[in-house]
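What follows is each chain in one-letter form.
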Amino acid sequence: MSYRIVGLITVRDPAAFDDYRSRVGATIAQYGGTVRQRGAVDTVLWNETGGVAPDAFVDIDFPSKADAQRWADSPEYQALLEVRSRAMQLLLFAVT
């Protein structure tokens, strides 16, 4: 059984976002993860959270929770945090 991570993204800087997207996939794969799907949010049907509606999303699978945590804490991913913070606001969470 896999461990699924979903990210909701509000883009701040499109150039930084493209840079981040071009680099993050290799870090995910290095820790056994697979990007199942990613793309733009087409339509928000409801948003009762009080937050800004996301521009994009990502859906990632890891073999286990431990693999996902190793990826999130890894030096390879940590090296992307500066560009990530310029690129977007991110809500990243696990679903079961």
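As a convention, each chain's residues are numbered from 1 in the sequence order in which they are written. With the structure being a predicted model, the display of local features is reserved for residues of pLDDT at least 70 and the display and counting of side-chain atom pairs for 80 or more, all residues being used for whole-chain, interface and lining totals. Note that the side-chain values use all heavy atoms of the structure and ignore hydrogens as well as water.

## Digging into the layout of surface pockets
Looking at the largest pocket, its volume works out to about 310 Å³. Each cavity reported here is a set of points on a 1 Å grid over the protein atoms alone in which a 1.4 Å probe fits but cannot get out, each pocket an open set with protein on both sides within 12 Å along at least five of seven lines, and each lining residue one with an atom within 4 Å of a point. What lines the largest pocket is a set of 17 residues, among which Leu8, Thr49, Val52, Ala53 and Pro54 lie closest to the centre. Helix numbers and strand numbers start at the N terminus; a helix is a DSSP run of H or I with at least 4 residues, a strand a run of E with at least 2. Broken down by secondary-structure element, the contributors of at least two residues to the lining of the largest pocket are strand S1 (3–11) and strand S4 (88–95). Residue type decides the class: Asp, Glu, Lys and Arg count as charged, Ala, Val, Leu, Ile, Met, Phe, Trp, Tyr, Cys and Pro as nonpolar, and the leftover types, Gly among them, as polar. Within the lining of the largest pocket, the residues separate by chemical class into 11 nonpolar, 6 polar and no charged. Grid points are joined across faces, edges and corners, and a volume is the space filled by probe spheres set on the points.

## Some remarks on empty space enclosed by the protein
Summed over the entire model, instances satisfying the criterion amount to 1 cavity of 30 Å³ or more. Estimates place the volume of the largest cavity at around 200 Å³. As for the largest cavity, its lining consists of 19 residues, of which Ile9, Tyr20, Arg21, Val24 and Val58 are closest to the centre. Looking at the lining of the largest cavity, the elements with two or more residues in it are helix H1 (14–30), strand S2 (34–40), strand S3 (56–62) and S4. A total of 6 residues in the lining of the largest cavity trace back to one element, the largest contributor, which is H1. When grouped by side-chain class, the residues that make up the lining of the largest cavity number 15 nonpolar, 2 polar and 2 charged.

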